[in-house]
Amino acid sequence: MDKYMTLKEVVEGFVNFAYGDILFENEVSRFNISFEDSSFLKNKEFNFFSNSLQDILNNVPNCEIPTVVIHDTELFFRLLTNVINAQIDLNDLYDNSAAKSMVARRVMRRLWLRMGVEELDNIELFLEKQLAFIENRELDKPNEEIVIDDNPRITLEIQKSETWCEASRRACFRIYEGDLYHELPRVYYDIREENGELVCYIPAVQMVSEPHKVKNVERKLYKLNKGLEDTLVHPNFMMAIKLFYSFLYKRGINHIKVPLMQVLDYDYHIALAKTTEIRMKDKWSEDVLSYIEKAKNIDLEAYEQLMKEFESDKKKLEHLLGREDFISKAKTEGLINLFYQATFITDSVINTEPFINASYLDISLGKLDDNELKK
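Residues numbered from 1 in each chain as written. Predicted model: local features only at pLDDT ≥ 70, side-chain atom pairs only at ≥ 80, totals over all residues. Heavy atoms only, no water.

### Quick word on the overall build of the chain
The criterion, for reference: Helix numbering and strand numbering both begin at the N terminus, where a helix is a DSSP run of H or I of at least 4 residues and a strand a DSSP run of E of at least 2. To sort residues, take the accessible area from a 1.4 Å probe on protein chains only and compare it with the maximum for the residue type: under 20% means buried, over 50% means exposed, and anything in between is partly exposed. Residues are treated as being in contact if the distance between any of their heavy atoms lies within 4.5 Å. Note that accessible areas follow from Shrake-Rupley with a 1.4 Å probe, and for residues the cover is restricted to the protein chains shown.
Within the chain, the regular secondary structure consists of 11 helices and 11 strands. Burial analysis of the chain (375 residues in total) assigns 48% to the buried set. Restricting to contacts in the chain with at least 6 residues of sequence separation, those with at least 24 account for 67%. Surface summary for the chain: the accessible area is close to 19,300 Å², and the carbon and sulfur share equals 48%.

### Focus on the pattern of salt bridges
Selection rule: In the sections that follow, a salt bridge refers to a side-chain nitrogen of Lys or Arg positioned within 4 Å of a carboxyl oxygen of Asp or Glu.
Summed over the entire model, instances satisfying the criterion amount to 13 salt bridges. Of the charged contacts in the structure, one is a salt bridge between E309 and K283, with a shortest N-O distance of 2.7 Å. You can see E309 sitting in helix α10 (residues 300-320) and its partner K283 sitting in helix α8 (residues 265-283), a full 26 residues away along the chain. Owing to a relative accessible area of 39%, K283 belongs among the partly exposed residues under this scheme. Several salt bridges share partner residues, and in doing so they unite K3, D89 and D92 into one network.

### Quick look at the side chain of N225
To keep it simple, the criterion reads: Pairs of N or O atoms within 3.5 Å make up the polar contacts considered here, provided that, within protein, one atom can donate a hydrogen while the other can accept it, and that residues adjacent in sequence are counted only when both atoms are side-chain atoms.
Structurally, the position occupied by N225 is in the loop between α6 (215-221) and α7 (235-250). At 3.3 Å, the side chain of N225 and the side chain of Q341 are in polar contact. Excluding residues that lie within four positions of it along the chain, N225 makes contacts with T231, V233, H234, P235, M238 and Q341.

### Focus: helix α5 (residues 123-135)
Residues spaced three or four apart along an α-helix point in a common direction, a consequence of the helix completing one turn every 3.6 residues. Defined as follows: A helix is expected to span 1.5 Å for every residue after the first.
The terminal C-alpha atoms of α5 lie 18 Å apart, and with 13 residues this matches the ideal 18 Å at 1.5 Å per residue to within 8%. Taken residue by residue, α5 has I123, E124, F126, L127, K129, Q130, L131, F133 and I134 as its buried positions. If you follow the buried residues of α5, they end up packed against β2 (67-70), α3 (73-93), β5 (169-177), β7 (186-194) and β8 (197-206).

### Regarding a negative patch on the surface
Quick reminder of the rule: A patch is a set of surface residues, each over 30% in relative accessible area and not in a salt bridge, joined within 9 Å for like charges and within 5 Å for the nonpolar side chains Val, Leu, Ile, Met, Phe, Trp and Tyr. When charges are counted, neither His nor the chain ends are considered; positive counts come from Lys and Arg and negative counts from Asp and Glu. Think of each charge as sitting on NZ of Lys, CZ of Arg, CG of Asp or CD of Glu.
On the surface, a cluster of negative charge is made up of E36, D37, D72 and D121. On the secondary structure map, E36 appears in the loop between β1 (32-35) and α2 (50-57).

### Topic: α3
With 21 residues, α3 extends 30 Å from end C-alpha to end C-alpha; this agrees with the ideal 30 Å at 1.5 Å per step. Just downstream of α3, D95 is the residue with a positive phi angle, here 55°.

### Focus on the environment of V214
On the secondary structure map, V214 appears in the loop between β8 and α6. Distance from V214 to E177, taken between C-alpha atoms, is 7.7 Å for residues 37 residues apart in sequence. Apart from the residues within four sequence positions on either side, V214 is in contact with E177, L180, Y181 and H182.

### Quick look at the nonpolar core
To be explicit about the condition: Residues belong to one nonpolar core when they are buried, are Ala, Val, Leu, Ile, Met, Phe, Trp, Tyr or Cys, and are joined through side-chain atoms within 4.5 Å.
Residues F14, F77, L80, W112, F244 and F339 are the most contacted members of the largest nonpolar core, which totals 84 residues. Apart from the residues within four sequence positions on either side, F244 is in contact with L139, A171, F173, V187, Y189, C200 and I202. Core analysis: the second largest hydrophobic core is formed by six residues, M280, I292, F310 and L317 among them.

### Details of the pairing of strand β11 (residues 360-365)
Threshold: Strands qualify as paired when DSSP identifies two bridges or more between them.
Of the strand pairs in this sheet, strand β9 (residues 255-259) and β11 are connected by five bridges, and their pairing is antiparallel. Within the sheet, the bridge partner assigned to H255 lies in β11 and is S364. Of the strand pairs in this sheet, strand β10 (residues 348-350) and β11 are connected by three bridges, and their pairing is antiparallel. Paired with V349 across the two strands is S364, which belongs to β11.

### Thoughts on the packing of helix α1 (residues 7-23) against helix α4 (residues 100-110)
In plain terms, the rule: Geometry is summarised by axes, namely lines fitted to C-alpha atoms with helices restricted to the contacting stretch, and by angles between N-to-C directions that run from 0 to 180 degrees. Roughly parallel here means an angle under 35 degrees, roughly antiparallel means over 145, roughly perpendicular means 65 to 115, and every remaining angle is called oblique. For any pair of crossing helices, the crossing counts as left-handed if the nearer helix is rotated counterclockwise from the farther one by less than a right angle, and right-handed if it is rotated clockwise. Any residue outside Ala, Val, Leu, Ile, Met, Phe, Trp, Tyr, Cys, Pro, Asp, Glu, Lys and Arg is labelled polar, Gly included; the first ten of those are nonpolar and the last four are charged.
At their nearest, the axes of α1 and α4 sit 9 Å apart, and the two run at 50° to each other. By the angle between their directions, the pair α1 and α4 is classed as oblique. Between α1 and α4 lies a crossing whose hand is right-handed. Taking contact as the criterion, the partners of E9, V10, G13, F14, F17, A18, D21 and I22 in α1 are, on α4, K100, R105, M108 and R109. The class makeup of the residues in the contact of α1 with α4 is six nonpolar, one polar and five charged.

Structure, rendered in structure tokens:
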């Protein structure tokens, strides 16, 4: 069987599955899809799913949700096919292979979460950008923990992100103290060439839900906030950005763009909370919990393991339920505060005023000293 998806397979998958996933909020928040020219889809090559196709073409847009306008239908599907196949290659690079049909459905369902407001009406350009991001190999070091300093020992691991994440990769820093390590927030990023230079996009900086912490390391990091009054940014985030800036600069990348709005993100977290709550109730029904409690005296080790899993699932739900406003604020105001404050401890300059003349922060980097912990 061929490793890659064909154009015909992608069109079929989009019409028969992905469109329904979007319409009925299966993981992703809803949006309208409007084809300006549907002649490509009416090609006899695709007539085997004509009923599903007619449902799409005859669907009346809901004015209360965003609308994606597809200007060039053939180009849209060719680009989407290329994006899916590039994701298959990226998965292989990171030893994370999956059936091509599964990769395709995940991409067709989730990729749109990365759209900015201005890309709703320029979806073909959005796909071209995502293709360039996924194909870029500038920082890839699959399954390798890179030592970037020895005293203290600081490492970086570049990971492939899940398809629901804000970017295709993430930079994960660790600061060691003996055998223990302190995890910093993950920097989600993508890279592509623009006007002859490499530009790094950073749409999110996020801490893992249960990070490894070393109190002594964290205390040292607070010196990053020295002299900064009323700071709203935790030094863990400051150190992650400082280290990532330095890593980029040493590799000749000194242009950063920080997208401040992914248009489907707010509703996505509402839908995700609902889905997570349903799964939680199904998995941990009262009968199941009652059975586990009764089994406590029979197999204590199994009981403790199950309760640990239950508490972990419960914590994930609490992180989502009713917190879409908090998450949205963290992803806009929090991101702005982080990068503005970073200008005080790094040689970086923000060239744009967010929401006035740009929907992203445009940042220029100068030479950076990343070894703050030695000072």
